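Chain by chain, the residues run as shown.
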Amino acid sequence: MRNVISVEGTYLKGRYKGVMLIATAQDGNHHQYPIAWAVVDSESEESWTWFFEKLHELIPDDDELIFISNRHKGIISGVASVYKKAQYGHCLWHLGQNIKTKLKSKAGGVALFMRTTKAYTQMEFDELYDEMNNSYPSITKYLEDNIYREKWARSYFHGSRYNIMTTNGSESINAKLAQARDLPIVAMLDAIQNLTSSWFNTHRIADVASTGHLTPWAKRTVRSRFIESQKMEVFQLNTFEYHVTGVGHDAVVGLNRRTCRCRVFDIDRLPCSHTITAAGQHNMNIYELCSHYYTTNVWTLAYTETVYPVPPL
Ligand SMILES: [Zn+2]
């Protein structure tokens, strides 16, 4: 699974209050994959640190590991104290909401901010940032005063966030648990376990039924890029490098180094339309260029285990 973990806290609505903490990843088919749950009294620095210490028993620290969340101080310091090698990035949806409410920014400003955050290259980012600075200077001032660029801009981020820019995954799981959150804690945890068992079984059935090398989501993505690649022209520069023109900015693809100047291939680890064009010229199988995270074999592994009910004490 791609090493991007989304973490989030949500208030419980039952008589005993408290907060549920949740960590999720995303499977190769773009579905949310719950990893860990916990119930704590409040979202303090201590409770988040405890949560990350427990998570560390399942998921070791790694240079390529990335955590994303809203900008809760407890999460940021908890990650920093337990996961020394991992990177941390902000959820862009939450940041967009902050801009909307704090700065009373119009929809156009938030939309431009979202486009800027999602830019793949620094050149593309700089152009959009200038546009934002001219049209919505309060947004750029807020960002410069409060948040490091590397934490919110994909093009400046240290590490690969793939296409995972928000914590919407853990939020959608939280939404499915809305009713369970009304229950007393033990009954709530039972309800969560039942839901998790059922999700695992549903996805296991879906991936067994799926055919082909790539997950359905990756297949659809590559197919649409393949259609775009049909409008492009390609010129060989040397054994492995190609110059691709025709749609948007020109690009240079390095098939041996798995890189394209548009950086979509580098960050998503799925070939962009330029790479698909170059691979066609090179007689190279497109599937060889896709990260193993998007293959059906790896997807199947994610749901091999069954989540059993907790036995009675
Ligand atoms: Zn490209």
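Thresholds, definitions, all that
Residues numbered from 1 in each chain as written. Predicted model: local features only at pLDDT ≥ 70, side-chain atom pairs only at ≥ 80, totals over all residues. Heavy atoms only, no water. Helix = DSSP H or I, 4+ residues; strand = E, 2+ residues; numbered from the N terminus. Rg over C-alpha atoms; globule rule 2.2 N^0.38 Å. Buried < 20%, exposed > 50% of the residue type's maximum accessible area, 1.4 Å probe, protein only. Contact = heavy atoms within 4.5 Å. Areas by Shrake-Rupley, 256 points an atom, 1.4 Å probe, with all protein chains shown as cover. Lys, Arg positive; Asp, Glu negative; His and termini not counted. Charge placed at Lys NZ, Arg CZ, Asp CG, Glu CD. Donors = N, O, S within 2.8 Å, 3.2 Å for Na, K, Ca; no water. Tetrahedral: all angles 85-135°; square planar, octahedral: opposite > 155°, others 65-115°. Axes fitted to C-alpha atoms, helices over the stretch in contact; angles between N-to-C directions. Parallel < 35°, antiparallel > 145°, perpendicular 65-115°, else oblique. Left-handed = near helix turned anticlockwise from the far one by under 90°. Salt bridge = Lys/Arg side-chain N within 4 Å of Asp/Glu carboxyl O. Pairing = 2+ DSSP bridges. Domains from an automatic or database assignment. Buried area = accessible area lost by both parts, 1.4 Å probe. Phe/Tyr/Trp six-rings, centres within 6.5 Å; stacked < 30°, edge-to-face > 60°. Lys NZ or Arg CZ within 6 Å of the ring centre and 35° of its normal.

The next point concerns the overall build of the protein chain. A tally of helices and strands in the protein chain yields 13 helices and nine strands. Here the C-alpha radius of gyration of the protein chain, 21 Å, is about what a compact globule of 313 residues would show, namely 20 Å. Here the C-alpha coordinates of the protein chain stretch approximately 65 × 50 × 35 Å along the principal axes. Every one of the 313 residues in the protein chain was classed for burial, and the buried ones make up 49%. Across the protein chain, every contact between residues at least 6 apart in sequence was considered, and the portion connecting residues at least 24 apart equals 59%. Put simply, the protein chain shows about 16000 Å² of open surface, and 53% of that area lies on carbon and sulfur atoms. Averaging the locations of the 33 positively and 32 negatively charged side chains of the protein chain gives two centres separated by 5 Å.

Those donors, Cys260 (SG), Cys262 (SG), Cys272 (SG) and His274 (ND1), are the protein atoms that reach the zinc ion, and they lie 2.1 to 2.3 Å from it. Classification of the site at the zinc ion as tetrahedral follows from its four donor atoms and the range of 107 to 113 degrees in their angles at the metal. Going along the chain, you hit the donors of the zinc ion in the pattern C-x1-C-x9-C-x1-H. You can see Cys260 sitting in strand E9 (residues 259–260) and its partner Cys272 sitting in the loop between helix H11 (264–268) and helix H12 (273–281), a full 12 residues away along the chain. Side by side, Cys260 and Cys272 carry an identical accessibility label, which is buried.

Attention now goes to the packing of helix H10 (residues 216–229) against H12. Where H10 contacts H12, the axes come no closer than 8 Å and their chain directions differ by 70 degrees. Relative to H12, H10 is oriented roughly perpendicular. In the crossing of H10 with H12, the sense of the turn from one axis to the other is right-handed. Of the residues in H12, those in contact with Val222, Arg225, Phe226, Glu228 and Ser229 of H10 are Ser273, Ile276 and Thr277.

With that out of the way, let us pick up the pattern of salt bridges. Applying the stated criterion across every chain yields a total of five salt bridges. For Asp182, the salt bridge goes to Lys13, with nearest N and O atoms at 3.8 Å. In this pair, Asp182 is assigned in the loop between helix H8 (168–176) and helix H9 (185–209) and Lys13 in the loop between strand E1 (4–11) and strand E2 (19–26), connecting sequence segments 169 residues apart. On the basis of relative accessible area, Lys13 is assigned to the partly exposed category, the value being 45%. Between Arg225 and Asp268 there is a salt bridge whose closest N-O contact spans 3.4 Å.

This part covers the pairing of strand E3 (residues 32–40). Strand direction decides the pairing type here: E2 and E3, joined by eight bridges, are antiparallel. What sits directly across from Ala25, in E3, is Tyr33. Linking E2 back to E3 in an antiparallel pair, the connection comprises five residues, with His30 at a positive phi of about 70 degrees.

Splitting the protein chain by domain gives domain 1 (4–200) and domain 2 (216–297). Contact with domain 1, which involves 12 residues of that partner, is made by 13 residues of domain 2. Summing the contributions of domain 1 and of domain 2, the shared interface buries around 1200 Å²; its carbon and sulfur component is 53%. For domain 1, the biggest contributors to the area lost against domain 2 are Gly28, Tyr120 and Tyr162; these three give 47% of the whole.

On to the packing of aromatic side chains. A complete count under the given rule lists 15 aromatic pairs for this structure. Their ring planes at 65 degrees and their centres at 5.4 Å tell us that Tyr33 and Tyr303 sit as a pair that is edge-to-face. Placement of Tyr33 in strand E3 and of Tyr303 in the segment after helix H13 (296–302) is noted, with a sequence separation of 270 residues between them. The class of Tyr33 is buried, set by a relative accessible area of 15%. Taking the relative accessible area as the measure of exposure, Tyr303 reaches 2% and is therefore buried. Ring geometry for Trp48 versus Phe51: centroids 5.5 Å apart, planes at 90 degrees, classification edge-to-face. Taken together, the residues Trp48 and Phe51, both in helix H1 (residues 45–58) and three residues apart, mark about one turn of the helix. Under the relative-accessibility criterion, Phe51 is labelled buried at 3%. Every member of this aromatic cluster is reached through a ring pair, and the members are Trp48, Phe51, Phe52, Phe67 and Tyr83. A cation over an aromatic ring shows up here: Arg149 above the ring of Tyr129, its NZ or CZ 4.7 Å from the ring centre.

With that settled, consider the sheet that holds strand E4 (residues 66–69). Overall, mixed pairing links the five strands, which are arranged E3-E2-E1-E4-E5 in an open sheet. The sheet is open, and its two edges are formed by E3 and strand E5 (87–90), each paired on a single side. Adjacent strand axes in the sheet meet at a mean angle of 25 degrees, parallel and antiparallel pairs treated alike. Against the sheet, H1 engages E1, E2, E3 and E4, with an angle of about 135 degrees to E3.

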